[in-house]
Structures are given as C-alpha cells and as structure tokens.
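# Residue-level structure breakdown
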Amino acid sequence: MTQWVDIHSIQFVDEDQQWLDSSIEVSFRNVFIDETYYYNTVNTILQIYLIESETLINTANYPPPIICMWSNSEYLFLGTSEGVLRINKDNFSAPDLISVTETYKSYPEITGNNIVDIHGNDHCVALCTNGGVDFFNLTGHEERSYIETGGAKHCYVITNRDIYYSTNHYIYHVNPVPPLFYPEIIFSAGSGILADCSYIDDFKVTLKNGIRNYFIQTDLGIYTIEETGAYKIIDSYTDIIKFDVNKDTTINSGRLYITTTNAFSVVDMNTMALSDQYTYISKGRSGDTLNYENIEDSNTHS
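What this report covers is the structure whose coordinates are included nearby.

Attention shifts here to unusual backbone geometry. Look at the link from Y107 to P108: it is a cis peptide, with omega at 10 degrees. Locating P108 in the fold gives a position in the loop between β11 (101-105) and β12 (115-120). Cis geometry is found at the peptide bond from P178 to P179, where omega equals 5 degrees. Even without glycine at this site, N43 takes up a positive phi of about 55 degrees. By secondary structure assignment, the location of N43 is in the loop between β5 (37-42) and β6 (45-50). A positive phi angle, near 55 degrees, is found at N209, a position not held by glycine. Within the element layout of this structure, N209 appears in the loop between β20 (200-208) and β21 (211-218).

Right, here's the structure in full:
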C-alpha cells in the first residue's frame, strides 16, 4: 500500500492497482500509513482514515505542530515541538481525540522536546530530538538508552539491539546498553563507498536471510549497499523528497519507492528499471495521474 500527498490532495494506490482520491485542501503536512489506517497531519491537525472503508474516522487540532509520526500495532506516536504524544488505537473513534491523547515522553525524560524522527516496532522505539537520540523498550520494564548529540536527523530500528541513526555526514549503528548509547560509525560521507558524496540525506535498513541491506540517500543519488560490500548507485533522480523500501527489499530484489517534486516512481531492484510511475501528466499502472504537479510527502507500507 502506498500513500502520498500533492499540493492540494491526498492520493492512495494499493497493490491491486485500485486508485483512491480524497480531494481535501491541505497545506504543510506529513503522511504515514500502516496495515489499517492512513494518517495525515496539517500543521497542528491530525486526520485518521480507515483503509477498508476509505473514510475519515477522526480528526483533532493539537496545540503543538506535528513534525513526524509513526505507529506500531498498539499506538500512534506523534512527534511535536513539545515532546512525543501517543494515542492508543482502541481510542481512535473517541468523540474527543485530544482527551485520549497522552504525553508519552518530554524533556527531561528525553534528550530534547523538538522531535525530528520516530521509528521502532512493537517492542521498542527510537527518537531523534534536537538534543540527541533516545531509545526505549516498550515491553516489560521500560528501559531508556540515549546519547546527547547534535544534528541527529533520522533513526531506524531493526531489533532492540540493532538500531541506527544518521546526521548530515554519518550513519551510526548502536547496540543500546542502558543507560547510554555506544555508537559506531558505519558509513561516512566523503570516505569509503560514499567517498564522492558530500552529505547524507536519509537512509533505510532491511534484514533478509541474515544479511543487512542499506539504502542511503546522498547528494549523488541513492546508494544501495549490501553488508558484504556489494553496492549499486541509483543516480537518475534529482530533487528527491523522500524514498522508501519494502521490508524485504535488497540490492537485488524488491522495490524502491522514490518521491521527487513532480513524480512518484517505483524501481525494480532486480532489473534496476522503472516499474511504475505517477506524474501530473503520466498515468501509473492504476490508470490515473497525480491531481496536481507538486508532491510534498509520501509513505509506503507492505
């Protein structure tokens, strides 16, 4: 299932090529999708859609702007400028969504109140803040590990002992041992495989058959790297807003989703060829086009 937003509307497409379109006027926003729900934020406003019925089931206007979001099977986490909010999914239909929203973490429980990124699974969650990176176990006795550092941009969780985060120039691997992080630099812009790159924008990590695959967005394109050392570079896309991968994508199989300012593209990693694309004038496999020319955000789920 894939979701993205353009300048005036939210649009959806799923694997059976059914096209869904909600013509809602929105401004600055983020989107996120899981197995059951679509989430859209418009500055301080949260909108929750049920995938099965394709309907808006609830909305709320929070005081702090919503910067990022992520969900597991039990909760929706909202990263704001005042810490992390959390909503139990059982309460999504509550008459007053704000009344069932709790403050999950805020400074000094975490390294900073300005939440830059959230990622995790049903057992743990990682947060990038303006003051560092925090990691919490969500099962059993909640334990916190953290590092106080500047410039953390993105985090990614494989397991509770396999955590990653990035800055403009480095990607770190962490095996958190409470209460502190012990980061190890695994990729550096300007050296090694990324020797020709000036900076790192974003990254993803997958684990298949015991082998990790790293997907790194840089100023020269997206580097796809297997931990064995094999790698490929996708350098035919500019102005990348966001990219994503299926959880079992490798450098030789699966799909890579690339969102640019005017197109949503799907790359087959086996052939390295374009397998699907949506633009304002070009129809994708679902038989429709983008409603408007400019895309602001995207998210995929598989």
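The discussion continues.
It is worth spelling out the sheet that holds strand β16 (residues 154-159) at this point. Read from one edge of the open sheet, 4 strands run β16-β17-β18-β19, paired in antiparallel fashion. The open sheet has two edge strands with one neighbour each: β16 and β19 (184-188). When strand polarity is set aside, the average angle formed by the axes of neighbouring strands in this sheet is 20 degrees. Here strand β18 (residues 170-174) pairs with β19 via 4 bridges, running antiparallel. Within β19, the residue paired with H173 across the bridge is E184.

Moving on, we come to the pattern of salt bridges. Where side chains of opposite charge bring their charged atoms close, a pairing between them can arise. Under the counting rule described, the total for this entry stands at 9 salt bridges. For E102, the salt bridge goes to R86, with nearest N and O atoms at 2.8 Å. With E102 in strand β11 and R86 in strand β10 (residues 83-88), this residue pair connects regions lying 16 residues apart in the sequence. Judged by relative accessible area, E102 falls into the partly exposed class, the value being 34%.

What counts and what doesn't
- Within each chain, residues carry numbers counting from 1 in the order of the written sequence.
- It should be noted that, the model being predicted, local features are given only for residues of pLDDT at least 70 and side-chain atom pairs only at 80 or more, the latter also being counted only at that level, while totals for whole chains, interfaces and linings use all residues.
- To get the side-chain values, take all heavy atoms of the structure and skip hydrogens and water.
- Note on conventions: DSSP H or I runs of at least 4 residues are helices, E runs of at least 2 residues are strands, and numbering of each starts at the N terminus.
- When DSSP finds two or more bridges between a pair of strands, those strands are recorded as paired.
- Every axis corresponds to a line fitted to the C-alpha atoms, with the helix fit spanning only the stretch in contact, and the corresponding angles, defined between N-to-C directions, vary from 0 to 180 degrees.
- Any Lys or Arg side-chain nitrogen found within 4 Å of a carboxyl oxygen on Asp or Glu counts as a salt bridge.
- Summary of the burial criterion: residues with accessible area below 20% of their type's maximum are buried, those above 50% are exposed, and those between are partly exposed, where the area comes from a 1.4 Å probe applied to protein chains only.

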